[in-house]
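# Survey of secondary and tertiary structure
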Amino acid sequence: MLIDTYGRVATDLRVSLTDRCNLRCTYCMPEEGLQWLSKSTLLTDDEIVRLIDIAVTSLGIEEVRFTGGEPLIRPGVVGIIERVAALEPRPQMSVTTNGIGLKRMASALKAAGLDRVNVSLDTLRPDVFKSLTRRDRHQDVLDGLEAARDAGLNPVKVNTVLMPGLNEDEAPDLLAWAVKNDYELRFIEQMPLDAQHGWKRDSMVTAGDILTALRTRFELTPEDTGERGSAPAERWIVDGGPHRVGVIASVTRPFCAACDRTRLTADGQIRTCLFATEETDLRGALRSDAPDEEIARIWREAMWGKKAGSGLDDPSFHQPDRPMSAIGG
Ligand code: SAM
Ligand code: SF4
């Protein structure tokens, strides 16, 4: 097991397949000038599959989420998923994607064994999409979402970040659209993980703002009456059901106490938290022919050192040097 000193057990592994992307979302990357990870440091497909194998057979990982950067631009992504689907025990697998590649790849991903997708879409307005992502690809994302649903990668979840002055007025429209199209919408609070370090707490759109806006048009009933569990999204039943909407309030309602995640970057570093400022290298061990048991030991030791929380509310909070795109969101 991957257990830490607070008794939390990590069963969910986020694997970043690349730090590169075909969009440039303002809350994530600068327009240009971001330094990419060097090719020689990137894990190969074989190295990634070997680490996931160790994670599921020796460390209790039950769920693997591929992310990035944009995971669908990694040439070997379908092959990696196919090989992970053949592992024993077979983990649940999902991909977090901007959706652009799904029109072309959804069927192949499903056939390879992918269970689900989370697609990021922040706006229904093509012009706002272009300002927010700096690319004119709105229709490609909408087509990708449909392709994912038609390929059976369900439930298709949609991740939305609201930005002041850009798309903050779209929450009710986005929910109406998601209900109509049978997508499960989740709003994510903007976090201080952009490469430009431009995040400001006093200008972010909070979970409270989002719920107030949604309630102007929908009746929302809290889904859970008991414990929140490890799921980061708090969910509400929309207009009596069956549809749900989620809010991931990492900033204003952090869920660190129930966190069940461990992260692997595209260059082979273990991170115990999105906001961690320290990493543990697995690439070196892999490339010096360490046996599986040694790699599992290093991973366990890294998780043992996981901090209690993100530290966002601590006056000494320091934004990690790695941006979200290189951590794997
Ligand atoms: N490129 C893929 C995508 O956009 O879905 C996967 C990687 S992206 C880093 C993963 C998720 O992180 C996306 O839903 C994106 O909206 C979100 N994200 C990126 N930067 C963020 C930030 N500063 N705060 C909150 N969410 C962010
Ligand atoms: Fe690319 Fe995803 Fe970052 Fe947007 S959020 S720039 S799609 S990695």
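Keep in mind that what you see is a predicted model, and the values were worked out from it rather than measured. (Residues numbered from 1 in each chain as written. Chains lettered and ligands numbered in written order. Predicted model: local features only at pLDDT ≥ 70, side-chain atom pairs only at ≥ 80, totals over all residues. Heavy atoms only, no water.)

Overall, the coordinates contain 22 salt bridges when judged by the stated rule. Taking the shortest distance from any N to any O, the salt bridge between D143 and K103 comes out at 3.8 Å. Here D143, found in helix α5 (residues 138-151), pairs with K103, found in helix α3 (residues 102-112); they are 40 residues apart in sequence, far enough to count as distant. Of the residues examined, D143 reaches a relative accessible area of 21% and is grouped as partly exposed. (Salt bridge = Lys/Arg side-chain N within 4 Å of Asp/Glu carboxyl O. Helix = DSSP H or I, 4+ residues; strand = E, 2+ residues; numbered from the N terminus. Buried < 20%, exposed > 50% of the residue type's maximum accessible area, 1.4 Å probe, protein only.)

This part takes up the packing of helix α2 (residues 77-85) against α3. Relative orientation of the contacting elements α2 and α3 amounts to 20°, with a least axis distance of 8 Å. Looking at the two axes, α2 sits roughly parallel to α3. As α2 runs across α3, the sense of the crossing is right-handed. Touching V77, V78, I81, E82 and A85 of α2 are M105, A108, L109 and A112, all from α3. (Axes fitted to C-alpha atoms, helices over the stretch in contact; angles between N-to-C directions. Parallel < 35°, antiparallel > 145°, perpendicular 65-115°, else oblique. Left-handed = near helix turned anticlockwise from the far one by under 90°. Contact = heavy atoms within 4.5 Å.)

What surrounds ligand 2 is the set C21, L23, C25, C28, G69 and N98. Here the shell around ligand 2 is composed, by residue class, of four nonpolar, two polar and no charged. (Near = heavy atom within 4 Å. Nonpolar A, V, L, I, M, F, W, Y, C, P; charged D, E, K, R; others polar.)

Not every one of the 18 residues close to ligand 1 is listed here, only the nearest: Y27, G69, E70, S120 and M191. One of the backbone nitrogen or oxygen atoms of T97 is found 3.2 Å away from an oxygen atom of ligand 1. Protein coverage of the free-state accessible area of ligand 1, which is 540 Å², stands at 95%. By residue class, the composition of the shell around ligand 1 is six nonpolar, ten polar and two charged. (Polar contact = N/O pair within 3.5 Å; in protein donor to acceptor, adjacent residues only side chain to side chain. Areas by Shrake-Rupley, 256 points an atom, 1.4 Å probe, with all protein chains shown as cover.)

The end-to-end C-alpha distance of α5 is 20 Å, a good match for the 20 Å that 14 residues give at a rise of 1.5 Å each. Along α5, the residues classified as buried are H138, V141, L142, G144, L145, A147, A148 and A151. Where α5 is buried, its residues meet α3, β6 (116-120), α4 (126-133), β7 (157-160) and α6 (171-181). In the segment just after α5, G152 is the residue with positive phi, at about 85°. (Expected span 1.5 Å × (residues − 1).)

On to the packing of aromatic side chains, then. For the coordinates displayed, the defined rule picks out one aromatic pair. Between W177 and Y183, the aromatic rings sit 5.3 Å apart at their centres with planes inclined by 55°, giving tilted as the arrangement. (Phe/Tyr/Trp six-rings, centres within 6.5 Å; stacked < 30°, edge-to-face > 60°.)

One face of the sheet, then the other: side chains in a regular strand alternate in exactly this way. In terms of burial, strand β3 (residues 12-16) is largely enclosed, as five of its five residues are buried. Side chains D12, R14 and S16 of β3 all project onto a buried face; the interleaved residues L13 and V15 project onto the opposite face, where all are buried too. Bridge count between β3 and strand β4 (residues 63-67): five bridges; the pairing is parallel. Its bridge partner being in β4, R14 is matched across the sheet by R65. Here four bridges tie β3 to strand β12 (residues 261-264), and the two strands are oriented parallel to one another. Bridged to R14 within β12 is R263. (Pairing = 2+ DSSP bridges.)

Turning our attention to the packing of helix α1 (residues 45-58) against α2. Packing of α1 against α2 leaves a shortest axis separation of 10 Å and a crossing angle of 30°. In this view, α1 runs roughly parallel relative to α2, as classed from their interaxial angle. You can see that α1 and α2 cross each other, and the crossing is right-handed. Contacts from D45, D46, I48, V49 and I52 in α1 reach I80, R83 and V84 in α2.

What follows covers the side chain of H138. Mapping H138 onto the fold places it in helix α5. Look at H138 and you get buried, because its relative accessible area is 6%. At a separation of 2.9 Å, a polar atom in the side chain of H138 contacts the main-chain carbonyl oxygen of T123. Apart from the residues lying within four places of it in its own chain, the contact partners of H138 are L121, T123, L124, R125, P126 and F129.

Let us now look at the side chain of R186. By the element assignment, R186 lies in strand β8 (residues 184-188). In this structure R186 is buried but unpaired, with E184 as the nearest side chain of opposite charge at 5.5 Å. Here the side chain of R186 touches N159 through a polar contact of 3.1 Å, side chain to side chain. Not counting residues up to four positions away in its chain, the partners in contact with R186 are N118, K157, V158, N159, T160, A233, G246 and I248. (Lys, Arg positive; Asp, Glu negative; His and termini not counted.)

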